[in-house]
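# What the coordinates show
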Amino acid sequence: MQRLFPSALCLVRTTELLLQRSSVRMASQWTGQEPLAQTDPEIKSIIQNEKQRQKLGLELIASENFCSRAVQECLGSCLTNKYSEGYPGQRYYGGNECIDEIERLCQKRALDAYGLSPDQWGVNVQPYSGSPANFAVYTGLLAPHDRIMGLDLPDGGHLTHGFMTGKKKVSATSKYFESMAYHVNPQTGLIDFEGLRKSAKDFLPRMIIAGTSAYSRVLDYARFRDICNEVGAYLMSDMAHISGLVATGVHPSPFEFSDVVTTTTHKTLRGPRSGIIFYRRGVKGQDKAGKDIMYDYERKINSAVFPGLQGGPHNHQIAAVAVALKVASTPEFKEYQLQVVSNARTLAKALADRGYNIVTGGTDVHLFVVDLRSKSVDGSLAEHILELISISVNKNTVPGDTGSALHPSGLRIGTPALTSRYMKDSDMGNIAGFIDEGIKIVAEVKGQLSKPNLTVKQFNAHLAKDEATQKKVSELRGKVEVFATQFPMPGFEDH
Ligand SMILES: *Cc1c(COP(=O)(O)O)cnc(C)c1O
C-alpha cells in the first residue's frame, strides 16, 4: 500500500518538482521549433553560400544534378526519425505502417520505371548510395576473394569496380575480391571487347561489371553477356550515370542481358543521393529432367544489404527516390533526357569547333571527355581556372594518359545539371566560349612564364601579383555569373 499511495508530503514534493521542471522548460532557450538560422546561424550561412554558388555558377560535373523541391521536401521530412530494420512486413521495430507503404511504393515504381515484371525482377531500394549498393551485390553473390573484372578507373570505370594500382589496392572491392581491370582502346577510346574476352578466358572471373563513370558511348550489353556466358560469370550492370537515360529509352537497357543491375539515383535520374539494386528472380531455366531451376539472388542480395552491411534504411531518402521515380515516368522527363544528350552533343561540337579534341569524337550520352593534350594545359590547371570563373567541371584521365592521377590530361563535362536549369542547345555556344576563354588565360600565363609544367600553386602565386590577369579572370567570372543567373534553379524556393 505504501508504495502505491505515496504520502501527502511526497505528492506535494512531486508537484513542486513538476512545476519547477515545466518552468525550466518554458524559460529554456531551445525547444526544437526554432528555424536553422536561429539554432545554428553558422551552418545556415554556409548553406546560403553554397546555394548562391550553385545559382551563380555553371554546373558541368557529369555526376551532379539539381533535384526537385518535392525530392528535397522528402529529405527534410520526419521520415528521418524512423528506425525500420528489415523489409516491408518483416521489421525489427514497430510503428512501420507508413514506412512499409513508402518502401513498397518505391519498389513498385522502380520496377515500373524500367518496364520490369515483378515475376522476373526484384528490387532493393535500401542501399545508402551507389557504392554500398555495389558492395552489397559483391558480398551477396561472391565469396571472399572471388574474381571480378571491371573497366579500369583511368579508362572511365568506377572505383567500386575493383580499382587498384600496381602499388596499392585502393578500392575495398580489390581488397576483399580479386580484381582485374579491362580497358578501352587507347587510340579509339572505345571499350576493347576482344581484350576483355581474352583476359576473361585466362582470369575466369565470377563476375563482370558493365558500367562507367566517364564514357561517352552506349554500352553493348549483349557483348558483355556473350563474354559472361563464355566464362560462366555473372553480369552486373552498373547504370549509375545513365539510369535517367535508360528509364526513358534514350540509352539501351541493360536488363535483358544482366543478372543484376545497380544504380545511383542522384545523377541523370535527378533524385536524392541513394542507391538501388535490381536482381533477377523466378525461373532461370530447366535442368536435364525438365525441372525448373530458380534464381537464388533475392535472398542473397537482400540479406547482404540488411543485416549484412547496413542497419536502418534511410526512409527519407527512400521516399525521395519514390518521388523521383514517379517523375521519371512522365513524358516531360523523357524530353528532359533527350535535351541532356542533345546539349552534350552540341557542347562537344562547339568545343571541337574551337580546336578541342573530344575523346571518341563525340558523345551518345550526357557527358564527354575533352583531351587537352593538344592545348598544352593539363586537366588540373583547366579545372582550377574554370572554378575561378564559376564553372564546375572535373579533371579526368584520357585514354593512353601518361599524366599522373592528380594531373590527368583531360576534363569530364556533363550536361544533366544545366539541362535541369532549362538550358538548350542555343546556350551551349556561350558555354563553350566561356570554357575556351578561361583555358586561354592559363595558356597565356604559361607561355609568359615559359613553365611547361606550371602547377596550380605556381599559377596562383603568379595570379596574386599579376593584376592584368586578375582583371581578366574577374571579368570572365562576371560574365559567367550574369549568364547563369538568367536560368531558374529547380528546387530553390527563391529561384
Ligand atoms: C557514381 C557512381 C557510383 C557510386 O555512387 P556513390 O553514390 O557516389 O557511392 C557507382 N558506380 C558508378 C558507375 C558511378 O558512376
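Structure shown above.
All of the points below concern the structure found in this document.

The rules behind these values
Residues numbered from 1 in each chain as written. Predicted model: local features only at pLDDT ≥ 70, side-chain atom pairs only at ≥ 80, totals over all residues. Heavy atoms only, no water. Salt bridge = Lys/Arg side-chain N within 4 Å of Asp/Glu carboxyl O. Helix = DSSP H or I, 4+ residues; strand = E, 2+ residues; numbered from the N terminus. Buried < 20%, exposed > 50% of the residue type's maximum accessible area, 1.4 Å probe, protein only. Phe/Tyr/Trp six-rings, centres within 6.5 Å; stacked < 30°, edge-to-face > 60°. Lys NZ or Arg CZ within 6 Å of the ring centre and 35° of its normal. Arc of directions from axis to C-beta. Contact = heavy atoms within 4.5 Å. Pairing = 2+ DSSP bridges. Patch = residues over 30% accessible without salt bridge, like charges linked within 9 Å, V, L, I, M, F, W, Y side chains within 5 Å. Areas by Shrake-Rupley, 256 points an atom, 1.4 Å probe, with all protein chains shown as cover.

### Digging into the pattern of salt bridges
Under the criterion given, the structure shown has 22 salt bridges. As a salt-bridge pair, Glu 103 and Arg 91 come within 2.9 Å of each other at their nearest N and O atoms. Here Glu 103 is found in helix 5 (residues 97–113), whereas its partner Arg 91 is found in strand 3 (residues 90–91), with 12 residues between them in sequence. Note on Glu 103: relative accessible area 0%, which makes it buried. For Arg 91, a relative accessible area of 15% gives the class buried.

### Considerations on the packing of aromatic side chains
All told, the structure shown has 17 aromatic pairs when counted by the stated rule. For the ring pair Phe 333 and Tyr 336, a centre distance of 5.8 Å and an interplane angle of 35° mean the geometry is tilted. Placement of the pair is Phe 333 and Tyr 336 together in helix 13 (residues 331–353), with a separation of three residues, close to one helical turn. Judged on exposure class, the residue Phe 333 and its partner Tyr 336 are both buried. Through successive ring pairs, a cluster of aromatic residues spans Tyr 114, Trp 121, Phe 255 and Phe 278. In this arrangement the basic side chain of Lys 51 is found over the ring face of Phe 492, its NZ or CZ atom lying 5.4 Å from the centre. Between Lys 375 and the ring centre of Tyr 356, over which it is positioned, the NZ or CZ distance is 4.3 Å.

### Here we look at helix 17 (residues 456–465)
A turn of α-helix holds 3.6 residues, and therefore any two residues three or four places apart point the same way. All of the buried residues in helix 17 are Phe 459, His 462 and Leu 463. The arc enclosing the buried residues of helix 17, seen along the axis, measures out at 100°, which places them on a common side. Structural note: helix 17 exposes Lys 457, Ala 464 and Lys 465 on the side pointing more than 90 degrees away from its buried face. In this structure, the buried residues of helix 17 make contact with helix 14 (379–388), helix 16 (425–449) and helix 18 (467–485).

### A word on the pairing of strand 17 (residues 410–414)
Two faces belong to every sheet, and in a regular strand the side chains alternate between them. With respect to burial, strand 17 is a largely interior element, five of its five residues being buried. Side chains Gly 410, Arg 412 and Gly 414 project from strand 17 onto one buried face, and the interleaved Leu 411 and Ile 413 project onto a second face that is buried too. Relative to strand 17, strand 14 (residues 367–371) is paired through five bridges, and the arrangement is antiparallel. Across the sheet, Val 369 pairs through a bridge with Arg 412, a residue of strand 17.

### Quick notes on a nonpolar patch on the surface
On the surface, Leu 36, Ile 43, Ile 46 and Ile 47 cluster together to form a nonpolar patch covering roughly 340 Å² of accessible area. The element contributing the most residues to the nonpolar patch is helix 3 (residues 41–56), with three residues. On the secondary structure map, Ile 43 appears in helix 3. The class of Ile 43 is partly exposed, set by a relative accessible area of 41%.

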